[in-house]
Amino acid sequence: MDLFTSLAYGFSVTLAPANLFACFVGVFVGTLIGVLPGIGPVATMSLLLPVTYALSPTASIIMMAGVYYGAMYGGSTTSILVNIPGEAASVVTCLDGYQMARQGRAGPALGMAAFGSFIAGTLSVLGIMLLAPPLTKAALRFGPPEIFALLLLGFTMVTYLTAGSKLKAVAMALLGMLLGTIGLDPITASPRFTYGTLTLADGLGLVPIIMGLFGISEVLLNIEKGVEQEVFETRIKGLLPTRDDWKRSAAPMARGSVLGFLLGILPGIGAIIPTFISYALERRLSKTPERFGTGMIEGVAAPEAANNAATGGAMIPLLTLGIAPNVVMAVLLSAFLIHGVQPGPLLIREHPEIFWGVVASMYIGNVMLLILNLPLIGLWVQLLRVPYGILFPLILLFCVIGVYSESGNVWDIVVMLGFGGLGYLMRKFEFEPAPMVLAFVLGRMTEESIRQSLLISRGSFEILLTRPIATTFLAITLAVMVAPLVVSPVRRMLRTVPLEEAD
Amino acid sequence: MRRRDLGAAAVLLAFGLFALTQARGLRFGTVVAPGPGFFPLCLAAAFSLVSLGLLVRALRMPAGEARASSADAAGRAKVVGTLGGLMVYALVLEPVGFLLATFALLLFFFTALQRQRWFVALGGSLVTSVATYLVFKVWLGVNLPAGLLSF
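Because the structure is a prediction, the values reported are computed rather than measured. (Residues numbered from 1 in each chain as written. Chains lettered and ligands numbered in written order. Predicted model: local features only at pLDDT ≥ 70, side-chain atom pairs only at ≥ 80, totals over all residues. Heavy atoms only, no water.)

A. Local environment of the overall build of chain A. When you go through chain A residue by residue, the secondary structure sums to 22 helices and two strands. A principal-axis box enclosing the C-alpha atoms of chain A has dimensions of 70 × 50 × 45 Å. Counting across all 503 residues of chain A, residues that qualify as buried make up 61%. In chain A, 79% of the contacts between residues at least 6 apart in sequence involve partners at least 24 apart. Surface exposure of chain A reaches about 18600 Å², of which carbon and sulfur atoms provide 68%. Across chain A, the centroid of the 29 positively charged side chains sits 7 Å from that of the 29 negatively charged ones. (Helix = DSSP H or I, 4+ residues; strand = E, 2+ residues; numbered from the N terminus. Buried < 20%, exposed > 50% of the residue type's maximum accessible area, 1.4 Å probe, protein only. Contact = heavy atoms within 4.5 Å. Areas by Shrake-Rupley, 256 points an atom, 1.4 Å probe, with all protein chains shown as cover. Lys, Arg positive; Asp, Glu negative; His and termini not counted. Charge placed at Lys NZ, Arg CZ, Asp CG, Glu CD.)

Okay, structure coming up:
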């Protein structure tokens, strides 16, 4: 099958009513939680995991992906109108977006954010279509040593790219992996750390952990500091950017898309870092860098394009290798596994309907989002007026019901609350939850790959050094570890972004 | 900052050492055929080492400035109240039932944590608990415990 027949096939899958509806529900819920502060895409996607039991695998993945890129759209709305990033990935959008709103240009800012996301989303889908098949071919030659080396590289990247202390990030990754060993041993199925209980034999659930770390703890932090919502009182008129806006935004948007996509492929990057780099890059390239932060439309278009393109890029390691490069993809990975589908090099061949269906659904989802976001923007703004005092009990209640409905076991609520408290403390003590969750999810794969490698090599770690692909990954890992020289220019660029203004 | 980091590192180290003792109870196997204890033991050892590193680093940090104001204390009380309320809720959910427990939880949130007027709190709790019950139990068919109200 060449690309276009494949894509046409994908569209035929997506346009089936059930899948189309799943796509709509996904992007709708995504926009909703993107607008609402205090609940993000990761918590929402894990909340929806139990819902997907009732759906086909294709519809589930389409819906989950929709929530994620829908949230990216919705997050920018709050950044622009109230200077509160609905999602971390739209922090940068606050800088110029909010200033534009204050100058009465909220309409074009919202419009450009939506168009930028749409264009970047479309470009990244093209990227996936072009890159995934050849990568899949390469990935088919991977054995346990290659997988282990790749995971090692992934963890190294994740910890080195985490904001704040690297040592703390390493500690959290190890802790996550350690917690992941609770339950049955993946190879011999003997119980570990279960203390004779049946509840622990299944291990700790991913859903309660994620809901706790990303849902409950977020609400706790908001309750503590109090959320002040002040919707900018302005009539939003004329969402369409002017011809001048387009002229100024075209190149930044293109650069943001390419940058976001390429960075998104790398493990540990996520959607946040590309927005910062893209903003910094535009400021570097601009003839009037001093005017950034005063309402420049480039400062909205570029990072919004970058965060959407990064989403597309992040799908590549998941779809071709079965490895989750960030927490969002980890949830998506578990959605696959719930349906007994193993994402990876065999996905395109064994489940073409999922692969191409999801790819095509991203085009259609992007169109839906454009329709949802532009004319309905007034509705989303109204949502922002719901006081947090009413919102937070509801969010907490939904988390509890969601977790309970998945297993019917009160123990999972307790686990969720425990991790909620832990997550709250982690933020207070400046520990990042992301490496922990990622390691928790990938721990089993890591263990299997190293133990199988040792079995193959009869106990010699040399196997990691005698196979060219594995050795290459290890070499890159080493390079990442010893080369802060490569990272520091990027850091310096990041530092030039006046973060404090985003608060 | 120093004391906070010190405390956090000490807790992590304690957990690491605990995990180490627990992992020793599992069969390690050999490097040729690693057993169930192989990976956890390596992880626990690495985790303890990194925690030790954090501890040493915190010790070498200059002593930080004293902080914590009364505003912090009020916020923290709210956090503890929310988490505590939810924990009690989780424990009584099955014996008491979803409707009653949820009503009580919301009433607690609205009165103790927010000081809403009593009729707002009462009405809000009632409407929300009944509405979520109808949506999740009746419409979506989620199995929520009936508890005391099972008739």
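That was the structure; now back to the text.
B. Fine view of the pattern of salt bridges. Residues and elements named next belong to chain A. Taken as a whole and assessed by the stated rule, the structure comprises twelve salt bridges over all chains. A salt bridge links R192 to E447; its shortest N-O distance comes to 2.8 Å. Within this pair, whereas R192 is found in strand β2 (residues 191–192), its partner E447 is found in helix α19 (residues 433–456), the two being separated by 255 residues in sequence. Among the residues examined, E447 registers a relative accessible area of 2% and is labelled buried. A salt bridge links E224 to K428, with the shortest nitrogen-to-oxygen separation between them at 2.8 Å. In this pair, E224 sits in helix α9 (residues 206–225) while K428 sits in helix α18 (residues 410–428), placing the two residues 204 residues apart along the sequence. For E224, a relative accessible area of 17% gives the class buried. Taking the relative accessible area as the measure of exposure, K428 reaches 29% and is therefore partly exposed. Residues joined in a network through salt bridges with shared partners are D185, R192, E447 and R451. (Salt bridge = Lys/Arg side-chain N within 4 Å of Asp/Glu carboxyl O.)

C. Summary view of the nonpolar core. Residue and element names in this part refer to chain A. Within the largest apolar cluster, 189 residues are counted, with the highest numbers of intra-cluster contacts made by I128, L204, F355 and M416. If you tally residues by element for this core, the top one is helix α4 (residues 57–82), at 15 residues. Those residues in contact with L204, other than ones at most four positions away along the chain, are L179, I182, I209, W411, V415, F419 and F440. (Core = buried A, V, L, I, M, F, W, Y, C linked by side-chain atoms within 4.5 Å.)

D. Here's a closer look at the interface of chain B and chain A. In this complex, chain B contributes 55 residues to the contact, which on the side of chain A involves 54 residues. The junction of chain B with chain A conceals about 4600 Å² of combined surface from both sides, 81% of it contributed by carbon and sulfur atoms. Taken together, the connections running from chain B to chain A amount to one salt bridge. Note that B:D5 and A:K168 form a salt bridge whose closest N and O atoms lie 3.4 Å from each other. Viewed at the interface, chain A and chain B are joined by four residue pairs in polar contact (both at pLDDT 80 or more). Taken together, the elements giving at least two residues each to the side of chain B that touches chain A come down to α1 (2–24), α2 (38–60), α3 (70–96), α4 (98–113) and α5 (118–139) of chain B. (Buried area = accessible area lost by both parts, 1.4 Å probe. Polar contact = N/O pair within 3.5 Å; in protein donor to acceptor, adjacent residues only side chain to side chain.)

E. Quick look at the packing of helix α5 (residues 91–102) of chain A against helix α11 (residues 272–285) of chain A. Residues and elements named next belong to chain A. Their axes nearest at 8 Å, the elements α5 and α11 cross at an angle of 40°. Here α5 is positioned oblique relative to α11, judged by the angle of their axes. Only T275, F276 and Y279 of α11 make contact with α5, whose side of the interface consists of V91, V92, L95 and D96. A class-by-class count of the residues in the contact of α5 with α11 yields five nonpolar, one polar and one charged. (Axes fitted to C-alpha atoms, helices over the stretch in contact; angles between N-to-C directions. Parallel < 35°, antiparallel > 145°, perpendicular 65-115°, else oblique. Nonpolar A, V, L, I, M, F, W, Y, C, P; charged D, E, K, R; others polar.)

F. Spatial organisation of the packing of aromatic side chains. All names here are of chain B. A complete count under the given rule lists twelve aromatic pairs over all chains for this structure. On the numbers, 6.2 Å between centres and 25° between planes, the contact of F98 with Y133 is stacked. In this pair, F98 is assigned in helix α4 and Y133 in helix α5, connecting sequence segments 35 residues apart. Ring centres of F108 and F109 lie 6.1 Å apart, and the angle between their planes is 40°; this geometry places the pair in the tilted category. (Phe/Tyr/Trp six-rings, centres within 6.5 Å; stacked < 30°, edge-to-face > 60°.)

G. Geometry of the packing of α4(A) against helix α13 (residues 327–338) of chain A. Residue and element names in this part refer to chain A. Contact geometry for α4 and α13: axes closest at 10 Å, N-to-C directions at 165°. Taken together, the axes of α4 and α13 lie roughly antiparallel to each other. In the packing of α4 onto α13, the handedness of the crossing is right-handed. In contact with I61, M64, A65 and Y68 of α4, α13 contributes V328, V331, L332, A335 and F336. When the residues that make up the contact of α4 with α13 are grouped by side-chain class, the tally is nine nonpolar, no polar and no charged. (Left-handed = near helix turned anticlockwise from the far one by under 90°.)

H. A look at empty space enclosed by the protein. All names here are of chain A. In the structure shown here, the tally under the stated rule is six cavities of 30 Å³ or more. In terms of lining, the largest cavity is formed by Y73, S76, T77, I80, L110, A113, A114, S117, N373 and I377. At the level of secondary structure, the elements contributing two or more residues to the lining of the largest cavity comprise α4 and α6 (106–139). Classifying every residue of the lining of the largest cavity gives six nonpolar, four polar and no charged. (1 Å grid on protein atoms, 1.4 Å probe; cavity = no way out; pocket = protein on both sides within 12 Å on 5 of 7 lines; lining within 4 Å. Points joined across faces, edges and corners; volume = space filled by probe spheres on them.)

I. Geometry of α5(B). Between the first and last C-alpha of α5(B) there are 30 Å, a value that for 22 residues agrees with the 32 Å anticipated at 1.5 Å per step. When α5(B) is considered as a whole, its buried residues turn out to be B:A121, B:S125, B:T128, B:S129, B:T132 and B:F136. Buried positions along α5(B) lie against α17 (388–407) of chain A together with α4 of chain B. (Expected span 1.5 Å × (residues − 1).)

Spatial relationships are all this shows, so hold off on functional conclusions.
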